[in-house]
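Topology and contacts: notes
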4 protein chains.
Amino acid sequence: MMNTAYRSVHLTASRLINPNPISSSLLHLLAAPRRSSPLRRRFLATPFSSSLYIPMAAGDDQVPPPESHLLEKQFESFRVQLEESAALREQIRAVVMEIESATRLIQANLLLVHQSRPIPEIIEKAKEKIDDLKKFYGRLAEILQKCPGQYYRYHGDWRSETQAVVSQLAFMHWLETGTLLVHTEAEAKLGLNSLEFGLETEDYLTGICFMSNDLPRYVVNRVTAGDYDCPRKVMNFLTDLHAAFRMLNLRNDFLRKKFDSMKYDLRRVEEVYYDVKIRGLISGGDPPPNVQAQS
Amino acid sequence: MMNTAYRSVHLTASRLINPNPISSSLLHLLAAPRRSSPLRRRFLATPFSSSLYIPMAAGDDQVPPPESHLLEKQFESFRVQLEESAALREQIRAVVMEIESATRLIQANLLLVHQSRPIPEIIEKAKEKIDDLKKFYGRLAEILQKCPGQYYRYHGDWRSETQAVVSQLAFMHWLETGTLLVHTEAEAKLGLNSLEFGLETEDYLTGICFMSNDLPRYVVNRVTAGDYDCPRKVMNFLTDLHAAFRMLNLRNDFLRKKFDSMKYDLRRVEEVYYDVKIRGLISGGDPPPNVQAQS
Amino acid sequence: MMNTAYRSVHLTASRLINPNPISSSLLHLLAAPRRSSPLRRRFLATPFSSSLYIPMAAGDDQVPPPESHLLEKQFESFRVQLEESAALREQIRAVVMEIESATRLIQANLLLVHQSRPIPEIIEKAKEKIDDLKKFYGRLAEILQKCPGQYYRYHGDWRSETQAVVSQLAFMHWLETGTLLVHTEAEAKLGLNSLEFGLETEDYLTGICFMSNDLPRYVVNRVTAGDYDCPRKVMNFLTDLHAAFRMLNLRNDFLRKKFDSMKYDLRRVEEVYYDVKIRGLISGGDPPPNVQAQS
Amino acid sequence: MMNTAYRSVHLTASRLINPNPISSSLLHLLAAPRRSSPLRRRFLATPFSSSLYIPMAAGDDQVPPPESHLLEKQFESFRVQLEESAALREQIRAVVMEIESATRLIQANLLLVHQSRPIPEIIEKAKEKIDDLKKFYGRLAEILQKCPGQYYRYHGDWRSETQAVVSQLAFMHWLETGTLLVHTEAEAKLGLNSLEFGLETEDYLTGICFMSNDLPRYVVNRVTAGDYDCPRKVMNFLTDLHAAFRMLNLRNDFLRKKFDSMKYDLRRVEEVYYDVKIRGLISGGDPPPNVQAQS
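Numbers given to residues run from 1 along each chain, matching the order in which its sequence is written. A letter from A marks each chain and a number from 1 marks each ligand, given out in the order of writing. Given that the model is predicted, a residue must reach a pLDDT of at least 70 before its local features are reported, and side-chain atom pairs must reach 80 or more before they are shown or counted; all residues, however, enter totals for whole chains, interfaces and linings. Computation of side-chain values covers all heavy atoms of the structure but excludes hydrogens and water.

Considerations on the confidence of the model for chain A
All names here are of chain A. This is how it is decided: On a range of 0 to 100, pLDDT expresses the predictor's confidence in each residue. The contact rule is simple, with two residues in contact once any of their heavy atoms fall within 4.5 Å.
The pLDDT averaged across chain A works out to 78; a share of 72% of its residues lies at or above 70. This model gives residues 1-63 a pLDDT under 50, and the stretch forms 137 contacts once residues within four places in sequence are excluded. The low-confidence segment residues 287-295, where pLDDT is below 50, has 8 contacts with residues more than four positions distant or belonging to other chains. Reported confidence for the predicted complex is 0.72 by ipTM and 0.75 by pTM.

Overview of unusual backbone geometry
All names here are of chain A. Our working rule: Numbered from the N terminus, helices here are DSSP runs of H or I no shorter than four residues, and strands are runs of E no shorter than two. Each residue gets one of three labels from its accessible area relative to the maximum for its type: buried under 20%, exposed over 50%, partly exposed in between, using a 1.4 Å probe on protein chains only.
If you check the backbone angles, S116 has positive phi at about 65° while not being a glycine. Take S116: it is sitting in the loop between α4 (67-110) and α5 (119-145). Exposure remark for S116: the relative accessible area of 7% places this residue in the buried category.

Thoughts on the relation of the copies chain C and chain A
Where we set the bar: When the copies are superposed, the least-squares fit draws on C-alpha atoms of residues that have pLDDT of at least 70 in both.
Each copy of the sequence occupies a distinct position, and chain C is placed on chain A by a rotation of 88° and an axial shift of 3.3 Å, giving an RMSD of 0.2 Å. Interface overlap between copies is the fraction of interface residues in one copy that are interface residues in the other; for chain C against chain A it is only 5%, indicating separate surfaces.

Here we look at helix α10 (residues 230-246) of chain B
Let me state the cut-off plainly: Multiply 1.5 Å by the residue count of a helix minus one, and that product is the helix's expected span.
Its 17 residues give α10 of chain B an end-to-end C-alpha distance of 24 Å, which sits within 8% of 24 Å, the value for a rise of 1.5 Å per residue. Taking burial as the measure, the 17 residues of α10 of chain B include 16 buried ones, the bulk of the element.

Overview of the packing of aromatic side chains
What counts is decided by this rule: Only Phe, Tyr and Trp rings are paired, with Trp represented by its six-membered ring, and only when their centres lie within 6.5 Å; those with planes under 30 degrees apart are stacked, over 60 edge-to-face, the remainder tilted.
Tallied over the full model, the rule gives 45 aromatic pairs over all chains. Considering the side-chain rings of Y151 of chain C and Y152 of chain C, the 5.0 Å spacing of their centres and the 80° angle between planes classify their relative orientation as edge-to-face. Each of the two residues, Y151 of chain C as well as Y152 of chain C, counts as buried. Taking 5.1 Å as the distance between ring centres and 80° as the angle between the ring planes, the aromatic pair formed by Y151 of chain C and F197 of chain C counts as edge-to-face. With Y151 of chain C in helix α6 (residues 151-154) and F197 of chain C in the loop between α8 (183-189) and α9 (201-224), the pair connects residues that are 46 residues apart, well separated along the chain. Using a relative accessible area of 11% as the deciding quantity, one classes Y151 of chain C as buried. Accessibility expressed as a relative area gives 5% for F197 of chain C, which makes it buried. Taken together, the aromatic side chains of F75 and F78 of chain A together with Y204, F245 and F259 of chain B make up a single cluster linked through ring pairs.

Written out as C-alpha cells, the structure reads:
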C-alpha cells in the first residue's frame with residue numbers, strides 16, 4: 001500500500017512547482033521518500049517532468065522547497081497517531097463488551113430478588129461475577145496506563161457501563177447491609193484506585209441514582225410477597241439519599257436530571273408505605289409523634 | 001442557602017432513627033463537620049438532637065454508627081469536588097470568551113481580503129491579535145496545570161474556538177506564503193507545546209478543513225477583482241491538501257464529514273479556474289497539448 | 001411509450017457518430033432487437049439510417065461496432081429483470097394485503113377478551129382466520145419458490161405483517177394454555193417450514209415482544225372483571241419470558257428496543273398484582289414467610 | 001458464564017409450577033440441562049425446592065412439564081443462531097473494510113486525471129488495486145458460501161462499497177475505451193459470477209450513475225487543460241447513457257433518484273460544450289447539419 005502512496009505522491013508533486021515562487025503549494029505529501037531517493041530521481045527523469053515542472057527561472061533545480069519535508073512528516077505522523085488512537089479504542093471496546101456481558105449476568109441474578117429468592121444466595125452468585133468485573137477493569141487500567149494523561153480522552157467509552165456496574169454493586173450492598181455503598185468501597189470492589197485508574201465521582205453518583213430508580217419496583221414486589229416492613233426502610237433510605245444529593249448543588253446536566261428523577265422514586269415508595277400503613281398491615285414502630293413534627 | 005441546608009439536614013435527621021440497628025440508613029449527611037467539631041456539638045446540642053439519635057438500646061451515646069462518619073466525609077468531599085470542577089470550568093470559560101473576542105476581531109480583519117485590501121496590511125493587523133491569543137492560551141495552560149491529567153476532561157470547553165483559531169492562522173499563513181501552516185508552527189504561534197498544553201491533532205485538522213471551506217469565496221472575489229492567477233494557485237493547493245487528507249483513513253465522524261466537504265470546495269475552485277481559462281483571461285502556463293492527448 | 005422510445009433512439013443515434021472510430025460511444029440501446037431481426041432491418045431502412053451510421057471510412061457497412069450489441073442486450077435484459085422483480089413485488093404485495101386483512105379480523109376477535117367474553121369462543125372464531133393465514137402464507141411460499149435464493153431479497157415485504165401474526169398466535173396460545181407458543185409450533189400453525197419458506201427467528205421474537213406489550217392491558221381489564229388470579233399468572237409468565245430473552249445477547253437494534261420495553265410491561269403487571277394482593281383480594285398462594293425472610 | 005446461566009435458570013424455574021395446571025408458565029428456560037442431569041437433580045434436592053415447587057397434586061414429581069424441554073432448546077438455539085449471525089457479520093465487515101481501503105487508494109489514483117496526468121499511467125496503477133479487490137470479493141464469496149440462500153440477508157453490508165467499486169471500474173474503462181463497461185465485464189473484473197456470488201444489477205446501475213456524477217468535473221478540468229474535444233465526447237456518451245436508463249422504468253427509489261441526478265450531469269457538460277463551441281475553440285467536426293436537425 002505504501003508503494004502506491006509514494007507513486008501517487010510523485011504524480012501529485014509534479015504539479016507543485018508553479019511560476020510563482022512565493023506561492024509554492026503543498027509539496028511532496030505523505031510518505032514520499034527523501035529527496036535523494038532513486039524513486040525521486042526516476043520521477044524527475046520521466047518524459048513528463050520537463051512539462052510538469054515549469055520553474056520560475058529556467059534551469060531551476062526540480063527539488064521541492066524545504067518545508068515540504070516537514071509537511072510529509074506531518075501527515076504521516078497524523079496517520080500513525082489516528083491509527084494508534086483507533087486501535088486503542090478497539091482494545092477498550094473489547095474489554096467494555098466483556099464488562100457489559102458480566103453486568104448482564106449479574107442483572108439476571110439480581111432480578112431474582114423480585115421473585116423473593118433468598119438474598120444471600122443471590123448476592124453469593126452475583127459476587128462471583130464481580131471478581132470478573134475486577135479483572136476487566138484491571139485490563140482497562142493496563143490499556144490506559146500505556147497512554148498517561150489520556151484517561152479522560154477515552155473515559156466516555158466505559159462511562160455508561162460503569163454507571164450500571166455501580167448501580168448493581170450499590171443495590172447488592174443495600175440488600176446485604178441496608179446502607180449506602182460508599183465511593184471508596186465501590187472503587188475497592190472493582191480493584192480501582194483514584195491515583196491511577198479510579199471511579200469517577202459523577203459515574204458513582206449516577207450509578208447511585210440508577211439504583212434508586214430500581215427501588216420502587218423492589219418495594220412493590222416485597223409488599224406483594226408479604227414483607228410489610230420493607231416500604232418504611234426503603235423510604236427512610238431514599239429520603240436520606242435524596243437529602244444528601246440535594247447538598248451537591250448540581251448543575252443542569254445528566255446527573256442533575258437523574259437526581260431529579262429520584263424524587264419520583266421516593267414518592268412511589270411513600271405511596272406504598274401509605275398503602276400498608278392505612279390498611280393496618282404494619283404495627284406502630286415509628287418514632288413518637290413529637291419527633292416527627294416536620295414539614 | 002447553606003443555612004437552609006443545615007436546617008433541612010436537621011429536619012431530615014430526625015427521621016433517621018429506625019428500630020433496627022442493623023439497618024441504619026444514611027446518617028449525618030452533608031456539611032456536617034467532624035464529630036468533635038464545634039459545629040457538630042452545636043448540632044448535637046439542638047432541641048432535636050436528643051430525638052435524632054434514638055439508639056436501639058437506651059442510654060446509647062448519641063454517636064452515629066461508624067459508617068456514617070465515612071458517608072459524611074463522602075458527600076462533603078463530593079460537594080467540594082464538584083464545586084472545584086465548576087469553578088475551574090468558570091475560569092476556563094472566562095478565558096475562552098476572550099479567545100472568542102479575539103477571533104472575532106481577527107475575522108473582521110481577514111474578511112477585508114474579500115474587498116481586495118492589501119494583504120500585508122491585513123496580516124499586520126491580524127498579527128497583533130495573535131499575540132493576544134498567545135496570551136490567552138497561556139492562561140488556559142496555567143489553569144490546566146493546576147489539575148494534571150485533566151486536560152481531556154475539559155478539552156471540549158475550548159475545542160471549537162481552537163478550531164476557528166487554527167482556521168484563521170492557516171488562512172493568514174497561506175495568504176502570506178501560499179503554503180500550508182504546519183501543526184508544529186501553529187502550536188508555536190499560539191505559544192503551545194505538546195508536552196504540557198498542546199494543539200490537538202483533530203482540532204488542527206478540523207481547523208484546516210474550515211480554512212478550505214473559505215477558499216472558494218476568496219477565489220471568486222479575487223477573480224472579480226482581476227486576479228486571474230488566484231484560481232490556479234488555490235486549485236493546486238486544495239488538490240494537494242485533499243490528497244494529503246485522503247491518506248488519513250478517517251473514521252465516520254465530524255472530522256470525516258469536514259473532509260468530505262473539502263471536495264466541494266475544490267470543485268468550486270476548479271469551476272472558477274475553468275471560467276477564467278476558457279475566456280482566455282490567463283496566459284498559457286499549462287503543459288503543451290501533446291502531453292495531454294488522452295481519449 | 002415504446003414508439004416514443006424507438007424515435008428517441010433514432011434521434012439519439014444520429015449523434016452517435018463521431019469522427020473517431022476508436023471512441024464510439026454507446027450504440028443502439030434499449031429495445032433494439034437482434035441485428036438480423038425484422039425490427040432492426042426496418043430501423044436500418046429508415047431515412048435516418050444512412051446518417052446514423054456514418055463510419056469513418058466511406059462505404060462502411062451500417063453495422064454498429066461489436067460492443068454495442070452487448071450493450072443492447074444488457075439494458076434490454078436489465079429492463080426485463082427489473083420488470084420481473086417489480087411484478088414479483090406486486091404479487092407479494094397482493095398476498096400481504098390479504099394477510100393484513102385477516103389479522104385485522106383476528107384482532108377484532110381477540111380484542112373481545114378485554115370485555116370478558118369467553119375465551120373458548122374467541123379462540124374458536126380466531127382459529128378460522130388462521131386457516132386463511134395458512135393459505136396466504138402458502139401462496140407467498142409458492143411465489144417465492146419461483147425465484148430460489150431470493151427469500152431475503154423480498155422478506156421486508158412481509159416482515160411487519162408476520163410479526164403481528166406471531167403476536168396474535170402467541171396471545172391466543174397463551175389464553176388457551178398459559179404457555180409460550182414455541183417457534184416451531186408457530187411455524188406449523190402457518191404451514192411454514194424452515195427448509196423452504198420459514199418463520200424468521202427475529203420475526204418470531206419481535207412478535208413475542210408485541211404480545212408482551214398487550215398483556216398489561218389484558219391484566220388490568222381482567223382484574224376489573226373480578227379475575228384476581230390473572231395478575232400473578234401473567235407476572236410469572238412475563239418474568240420468565242423476560243429472563244429467557246435476557247440470555248440472547250441482543251445487539252442494539254429494533255429487536256433490542258422491543259425487548260427493553262418488555263421491562264415496562266412486567267412492572268405494570270407487578271403493580272396490578274400488588275394492588276390486588278394488598279387489598280386482600282387474593283388468598284395466600286405465596287410461599288410461607290420463612291423462605292422470604294430478607295433484609 | 002454458562003454455569004451461572006444454569007443456576008439462574010434453576011432459580012427461575014422454581015417459581016414455574018403453579019396450582020393451575022392449565023396456566024403453567026414458561027418452564028426451565030435457557031441453558032438448563034436435560035431433565036436427568038445431575039445439576040437438575042441437585043436443584044430439585046435443595047431445601048428450597050419443597051416450597052418452590054407447589055404442584056397441583058401433592059406428591060407430584062418435581063419434573064417440569066414436557067413442553068419446557070422444547071422451550072429450553074428453543075432459546076438456546078436462538079442464542080446460538082443470533083451469535084452465528086453476528087459472527088458472520090463481523091467476518092463480512094472485516095472484508096468490507098479492506099474493500100473500502102482499496103477503493104480509497106484507487107480513488108487517490110483516479111483523481112489524478114483531474115490534474116492531467118497521463119491516463120495509461122493512472123489506469124496501470126489502479127489496476128494493481130483491482131487485483132486486490134478481486135481477492136476481497138473472493139473472500140466475501142467464500143464467507144457467503146457457508147450459508148447458502150443468505151446472500152440477500154447480508155447484501156446490505158457490502159452494497160454501497162460495491163457501488164463505489166463499479167463507479168471506479170466504469171470510469172477507468174471509459175478513460176481507456178470511451179465506452180460503457182458492461183455488467184458482465186464488471187463482474188468478470190471482480191471475479192464474480194451471477195450463479196454463485198454476482199454483481200447485483202441495481203448495484204451496477206447505481207455505480208454507473210455515480211460515475212456519471214464525476215464526469216462534469218472531469219470535463220471542466222480537461223477543458224481547463226486545453227482538451228476541447230472532451231466535452232463533446234462526454235456529452236455524447238452521457239446522452240446515450242441517459243437514454244439507456246430512461247428505458248428502464250425505474251420505480252421511485254434510490255436508483256431512481258440517482259438516475260434523475262444524471263440529468264444535471266448532462267446539463268453541466270452541455271454547458272461546457274456550449275462554452276467551447278461559442279468561443280470557436282473547437283473546429284467543425286460535427287455531423288452535417290441535416291442529421292443534426294433534432295429537437
